[in-house]
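# Notes for the structure review
This is what each chain is made of:
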Amino acid sequence: MVPGQWAGLAGDSVGFSEIRKQGQKQEQGRGLVFLHGVTFDRAMWRPVLGMVPAGHPAVAFDLPGHGASPALPDHGVDCMVEAIHDAVVAAGLDAPVMVGHSIAAKFATDYAARYSTAAVVNVDQPLQLDRFAPFAQQLAPRLRGPDFQEAWAMLQASMHAEKLAPEERELVRVGDSVSQGLVLSYWAELLDTAVPDLLNRTDTLLQKVRAKGVPYLALFSDPIDESARTWLTDRLPAAEILVRPTGHHFPHIAEADRFTALLTGLLAGLPIP
């Protein structure tokens, strides 16, 4: 794993030196980009990066304001997708597979709607916001006030990181130290946008992904009801929905080998770039 900087985003990469040694662009396999959720960093992807199939260049970025990447003035979706795209271009990846955990799955999905993308892998991020958005907006005064730590602790507890093995828990321990300002910056659109407008934006986004024919794989760590499954397949009929009942928010960490095998199968079905 090689640390580096791409257009201001820090990250870990694998596979790039092999490609350079070969010296033939046509021998490069499809690239992958890994994005972590808010309050975490690229460390969560290291077990998966270590198992990426040979010949596939891959990079896990620290999102702005996380790890070794400086914050941006605005962490809204538009700014985030542009920052990620600048880093993807700087890394020399053309139409990569975008893999996002938690809120970063939203960034990966939005990226696919705007830029060339081979596929999207959504790790444990429901895109249907008609339940969560009203709850988050009711919680907004506490998140913005002196009760932030208590309110965030409630949300954090729902992730059940304590169910990870000790060595796995270390990969997400950075999320124990939370900046109120950073969370509010990343969540600004969720907290400030009327719920019907959020739902319309999501519908428009998924229409664009569908129109582009981007393969979409959604992995959830808790069973989803039939209405949630239908909601997604109505918008993305070809989406593959998988459930790994780990009981926590980090199926890609607890089952890194299975997750990497899932990616390997996905890569095998994609056209060679």
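Cut-offs and rules
Residues numbered from 1 in each chain as written. Predicted model: local features only at pLDDT ≥ 70, side-chain atom pairs only at ≥ 80, totals over all residues. Heavy atoms only, no water. Phe/Tyr/Trp six-rings, centres within 6.5 Å; stacked < 30°, edge-to-face > 60°. Helix = DSSP H or I, 4+ residues; strand = E, 2+ residues; numbered from the N terminus. Buried < 20%, exposed > 50% of the residue type's maximum accessible area, 1.4 Å probe, protein only. Salt bridge = Lys/Arg side-chain N within 4 Å of Asp/Glu carboxyl O. Pairing = 2+ DSSP bridges. Axes fitted to C-alpha atoms, helices over the stretch in contact; angles between N-to-C directions. Contact = heavy atoms within 4.5 Å. 1 Å grid on protein atoms, 1.4 Å probe; cavity = no way out; pocket = protein on both sides within 12 Å on 5 of 7 lines; lining within 4 Å. Points joined across faces, edges and corners; volume = space filled by probe spheres on them. Nonpolar A, V, L, I, M, F, W, Y, C, P; charged D, E, K, R; others polar. Expected span 1.5 Å × (residues − 1). Arc of directions from axis to C-beta. Polar contact = N/O pair within 3.5 Å; in protein donor to acceptor, adjacent residues only side chain to side chain.

### Quick look at the packing of aromatic side chains
Each aromatic ring pair is summarised here by two numbers: the centre-to-centre distance and the angle between the ring planes. Taken as a whole, this structure holds 10 aromatic pairs when the rule is applied. Seen in terms of ring centroids, Phe34 and Trp45 are 5.0 Å apart; in terms of plane orientation they differ by 40°. Their pairing is tilted. Taken together, the positions of Phe34 in strand β3 (residues 32-35) and Trp45 in the loop between β3 and α2 (46-49) put the pair 11 residues apart, joining distant regions of the chain. Assessed through its relative accessible area of 0%, Trp45 is described here as buried. With 5.5 Å between their ring centres and 90° between their planes, Phe40 and Phe250 make a pair best called edge-to-face. Taken together, the residues span a long stretch of sequence, with Phe40 in the loop between β3 and α2 and Phe250 in the loop between β8 (240-243) and α12 (251-254) at a distance of 210 residues. Of the two residues, Phe40 and Phe250, neither departs from the other in class, the shared state being buried. Through pairs of rings, three or more aromatic residues link up here, namely Phe132, Phe135, Phe148, Trp152 and Trp187.

### Brief notes about the pattern of salt bridges
Under the criterion given, the structure shown has 16 salt bridges. Between Arg114 and Asp78 there is a salt bridge; the shortest N-O distance is 2.4 Å. In this pair, Arg114 sits in helix α4 (residues 103-114) while Asp78 sits in helix α3 (residues 77-90), placing the two residues 36 residues apart along the sequence. The exposure class of Asp78 is partly exposed, given its relative accessible area of 48%. A salt bridge links Arg131 to Asp225; the nearest nitrogen and oxygen atoms lie 3.5 Å apart.

### Topic: the sheet that holds strand β7 (residues 216-220)
Read across the sheet, eight strands follow the order β1-β2-β4-β3-β5-β6-β7-β8 without closing on themselves; strand pairing throughout is mixed. Each end of this open sheet is capped by a strand with a single partner; those strands are β1 (2-6) and β8. When strand polarity is set aside, the average angle formed by the axes of neighbouring strands in this sheet is 20°. The sheet contact formed by β1 and strand β2 (residues 9-14) spans five bridges and is antiparallel. The residue of β2 that forms the bridge with Pro3 is Asp12. Taken strand by strand, α4 contacts β3, β5 (97-101), β6 (119-123) and β7, and its axis lies near 155° from that of β5.

### Brief notes about empty space enclosed by the protein
Counting across every chain of the model gives one cavity of 30 Å³ or more. Within this model, the largest cavity holds a volume of roughly 30 Å³. Surrounding the largest cavity, Leu219, Arg244, Pro251, His252, Glu255, Arg258 and Phe259 form its lining. Of all the secondary structure elements, the ones that give two or more residues to the lining of the largest cavity are α12 and α13 (256-268). Looking at the lining of the largest cavity, its residues break down into three nonpolar, one polar and three charged.

### Details of α13
Between its terminal C-alpha atoms α13 stretches 18 Å, which fits the 18 Å expected from 13 residues at 1.5 Å a residue. Buried within α13 are the following residues: Ala256, Phe259, Thr260, Leu262, Leu263, Leu266 and Leu267. Down the axis of α13, the buried side of the element spans an arc of 150°, and every buried residue falls inside it. Turned more than 90 degrees from where α13 packs its buried face, Asp257 and Ala268 sit exposed.

### A few points about the pairing of β2
Most of β2 is tucked away: six of the six residues are buried. Judged by which residues are buried, β2 turns out to be covered on both faces: Leu9, Gly11 and Ser13 on one side and Ala10, Asp12 and Val14 on the other are all buried. In this structure, the hairpin formed by β1 and β2 is closed by a connection of two residues, where Ala7 is found at a positive phi of approximately 50°. Note: β2 against strand β4 (residues 58-61), four bridges, orientation antiparallel. Across the sheet, the residue bridging to Val14 is Ala58, located in β4.

### A closer look at α4
Helix length check: α4 (12 residues) gives 17 Å between terminal C-alpha atoms against 16 Å at 1.5 Å per residue, within 8%. Counting buried positions along α4 yields 10 of 12 residues, so the element is predominantly enclosed. Listing the buried residues of α4 in full gives Ile103, Ala104, Ala105, Phe107, Ala108, Thr109, Asp110, Tyr111, Ala112 and Ala113.

### Overview of the side chain of His66
Locating His66 in the fold gives a position in the loop between β4 and α3. By relative accessible area, which is 3% here, His66 ends up buried. Within the structure, His66 has its side chain in polar contact with the backbone nitrogen of Thr39 (distance 2.9 Å). One polar contact links the side chain of His66 to the main-chain carbonyl oxygen of Pro64, over a distance of 3.0 Å.

Geometry only, nothing functional implied.
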